[in-house]
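Structural characterization, general
So the chains spell out like this:
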Amino acid sequence: MPERTIATALNSRRERSLMAAMAALSIVMGAASAWLSRSEMNPDGISYLDLSDRWMAGDPSGVVNGYWSPLYPAILAVVRVVMHPAAQFEFAAAHLANFIIFLMSLAAVSLLVKEILARSLAAPWRREAIILWCYALFLWSSISQITIAFVTPDLLVSAVSWFLALLVLKASDDKPLFSFALGVMSGIGFLSKTIMFPVAIAVLAAGLPRRHLIRAALVSLLGFACIGGPWITALSRQKGRLTFGDTGKLTYASYVDGIAYYTHWHGDPPGSGLPVHPTRRVFEHPAVFEFNGPLRATYPPWFDPSYWNEGMQTHFELRGQVKALIETVKTYYVLFVKTQWAFAGLAILLLLTRRRPDVFGDAIRIGFPAIFALGLYSLIHVEGRYIGGFMALLFIAILLITDVEKRTLQAVTAIVVVSLLVASSVEIIKQYGTRSSLPAQSSMATDLRAAGLRPGDCIASVGTMIIHFWPRLLRVRVVAEVQQESVAEFWNAPPATQWRVFEAMRRAGARVLVGTVPDTCTSAAGWTKIPGTNTSYLFLDR
């Protein structure tokens, strides 16, 4: 066998071994993160679990929602159907779904790495560096930035982004089948999160080949329409207007126009529109809001904010826009400082680059959609979990346009990869200290169940319930609350006023009122404190 053939075979075997080792490390770290965070929950996660109930009940129309996307709750529903978890293990089932998505993302990364290597004639040491960078950036973005702990579709968006990067390269070779697949995957991304609708424009543009542009564009658009079209149609029919979602509008209203859409919007400030069907104010002082229907969910105001805020109008306001841009720039600064070794390493490689590498065009195709997505988020609001995958793809694109000497690349790669793996490991270690949040929530559910609260009952609260997750465990619905800003006013009110508040909540359908009774309160007769918590309850029908 010729020496060159032997060397090629050995290099190929070494690359496969390196990829297998990094994939195995990724699985171990991902599993550890999912296990340690198995008891965690967040407000968005409760809404997604409520939506998964609709999927499980065979009620697709109940999933149509102008704020939350449908694909992630569908995945939650599949995992729940397979596992049949009891209520106390439902949060763990959601994290198992996240881990499955993590594995899908890992598969996409592996396929992307193989595609990049197949399109490159680089030396073995450079190919190995690409492998290490790709897997390390994947781990860092998935565990440190997005995190498996959050029950949100951000990890799913990241997985779709890796698949899109792969399909962009495939479609750019003027292969109609892959152009169609690129459109389909872009549609899947849109069903994962609304912002992927405009991002799809950049993705489809990046996948256009040099020849047959119109054919490729039409094929990709057809693929996108097949997946995203039915959702846009259903959503537009529900809203009575053409729309692909209201998430962007409501986020703009909050971060640019200063309208707090998540705290019972009733038309303030002036000029923000007229509410069509807001939550209903049933008491003035203290402010009490009722929302027992038409949406039936654990916490209806957060189940579909687009419903309660229908009629809200956004306006371009230069001062608000500049303020939002300043805040996103600050956030980007923090996020890039957190990756200082990767950022510094890429800067060094760029400064020392001697010539354009053979995969320069591929780097542009991978990097352009990532830059486009980062730019979109910069206009309103950004968090690390939103852009982890896009940051990783941008870093990979920058790596691909560098070309330096062997020792320089190996040294920088060693430092960067180790720093990214350490950052991911530190994030997992941090989760160890927060792994016991479920018992406190479970304890409240257990005590209230023992006191007589049953699944299907309705409750009210003094203060917002958006950050409390035990109602989901107990399968009860929050139907009224004293507005958070009026909590002190409620506890300082005379007993006669509090009694009228109780009556308003009882008329809203609530059986139990929960809240945190201040130590200085002198009118807390009948309230029972749940041991080990600062929460007390009062039965309104006894």
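First, a word on scope: everything that follows refers to the structure included in this document. Just so it is clear, the model here is predicted, and its values are computed rather than measured.

Helix and strand counts for the chain stand at 21 helices and seven strands. Rg of the C-alpha trace for the chain: 26 Å, near the compact-globule value of 24 Å for 542 residues, within the 12% margin. C-alpha extents for the chain along the principal axes are approximately 95 × 45 × 45 Å. Buried residues in the chain amount to 56% of all 542 residues. If you take every contact in the chain between residues at least 6 apart in sequence, the share linking residues at least 24 apart comes to 76%. As presented, the chain carries roughly 23,600 Å² of accessible surface, and 64% of it is formed by carbon and sulfur atoms.

A few words on the packing of helix 8 (residues 196-206) against helix 15 (residues 360-378). The packing of two helices is summarised by the inter-axis angle and the distance between the axes. Where helix 8 contacts helix 15, the axes come no closer than 9 Å and their chain directions differ by 165°. On the basis of the axis angle, helix 8 is roughly antiparallel to helix 15. The element helix 8 and its partner helix 15 pack so that their crossing is right-handed. For the pair helix 8 and helix 15, contact is made by Pro198, Val199, Ala202, Val203, Ala205 and Ala206 and by Arg365, Phe368, Pro369, Phe372, Ala373 and Leu376, respectively. Split by residue class, the contact of helix 8 with helix 15 holds 11 nonpolar, no polar and one charged.

With that out of the way, let us pick up the side chain of Ser486. Mapped onto the secondary structure, Ser486 falls in the loop between strand 4 (477-482) and helix 20 (487-492). In this view, Ser486 contacts Pro286 and Ala287; residues no more than four positions away in its chain are not counted.

The biggest cluster of nonpolar side chains holds 134 residues, and the ones touching the most others in it are Trp133, Tyr135, Trp162, Ile387, Phe390 and Trp470. It is helix 4 (residues 90-118) that contributes the most residues to this core, 14 residues altogether. With sequence-adjacent residues up to four places away left out, Phe390 is seen in contact with Val157, Ser161, Met196, Ala370, Ala373, Leu374 and Tyr377. Among the nonpolar cores identified, the runner-up in size contains 21 residues, and Val501, Ala510, Cys521 and Leu538 belong to it.

Looking now at unusual backbone geometry. Backbone torsion omega between Asp268 and Pro269 reads -5°, so that peptide bond is classified as cis. As for its position among the elements, Pro269 is in the loop between helix 10 (247-255) and strand 1 (280-283). Cis geometry is found at the peptide bond from Gly293 to Pro294, where omega equals 0°. Mapped onto the fold, Pro294 is located in the loop between strand 2 (288-290) and helix 11 (300-303). Positive phi, close to 55°, is recorded for His212, a residue that is not glycine. Summarising the element assignment, His212 is placed in the loop between helix 8 and helix 9 (213-239). Although it is not a glycine, Arg475 sits at a positive phi angle of roughly 60°. Checked against the element boundaries, Arg475 lands in the loop between helix 19 (470-474) and strand 4. Relative accessible area serves as the criterion here: at 31%, Arg475 is assigned to the partly exposed category.

Glancing now at the packing of aromatic side chains. Applying the stated criterion across every chain yields a total of 24 aromatic pairs. Note on Phe190 and Phe224: the rings are 6.0 Å apart at their centroids and 35° apart in plane angle, and the pair reads as tilted. Here Phe224 lies in helix 9 and Phe190 lies in helix 7 (residues 176-192), a separation of 34 residues in the sequence. Judged by relative accessible area, Phe224 falls into the buried class, the value being 10%. Through pairs of rings, three or more aromatic residues link up here, namely Tyr48, Tyr67, Trp68, Tyr72 and Trp302. Here the guanidinium or amino end of Arg38 rests over the ring plane of Trp35, the centre of that ring lying 3.9 Å away. Over the aromatic face of Phe150 sits the side chain of Arg385, whose NZ or CZ is 5.4 Å from the ring centroid.

Time to look at the pattern of salt bridges. A full pass over the atoms with the stated rule returns 26 salt bridges. The residue Glu115 makes a salt bridge to Arg119 at a minimum N-O spacing of 3.0 Å. Residue classification places Glu115 among the buried residues on the basis of a relative accessible area of 10%. Judged by its relative accessible area of 21%, Arg119 is partly exposed. Here Arg241 and Glu310 are joined by a salt bridge, their closest N and O atoms 3.3 Å apart. Within this pair, whereas Arg241 is found in the loop between helix 9 and helix 10, its partner Glu310 is found in the loop between helix 12 (305-308) and helix 13 (318-338), the two being separated by 69 residues in sequence. We classify Arg241 as partly exposed; its relative accessible area is 28%. Of the residues examined, Glu310 reaches a relative accessible area of 14% and is grouped as buried. Each of Asp50, Asp53, Arg80, Glu90, Arg472 and Arg475 takes part in one network of salt bridges that share partners.

So, how was this worked out
- Residues numbered from 1 in each chain as written.
- Predicted model: local features only at pLDDT ≥ 70, side-chain atom pairs only at ≥ 80, totals over all residues.
- Heavy atoms only, no water.
- Helix = DSSP H or I, 4+ residues; strand = E, 2+ residues; numbered from the N terminus.
- Rg over C-alpha atoms; globule rule 2.2 N^0.38 Å.
- Buried < 20%, exposed > 50% of the residue type's maximum accessible area, 1.4 Å probe, protein only.
- Contact = heavy atoms within 4.5 Å.
- Areas by Shrake-Rupley, 256 points an atom, 1.4 Å probe, with all protein chains shown as cover.
- Axes fitted to C-alpha atoms, helices over the stretch in contact; angles between N-to-C directions.
- Parallel < 35°, antiparallel > 145°, perpendicular 65-115°, else oblique.
- Left-handed = near helix turned anticlockwise from the far one by under 90°.
- Nonpolar A, V, L, I, M, F, W, Y, C, P; charged D, E, K, R; others polar.
- Core = buried A, V, L, I, M, F, W, Y, C linked by side-chain atoms within 4.5 Å.
- Phe/Tyr/Trp six-rings, centres within 6.5 Å; stacked < 30°, edge-to-face > 60°.
- Lys NZ or Arg CZ within 6 Å of the ring centre and 35° of its normal.
- Salt bridge = Lys/Arg side-chain N within 4 Å of Asp/Glu carboxyl O.

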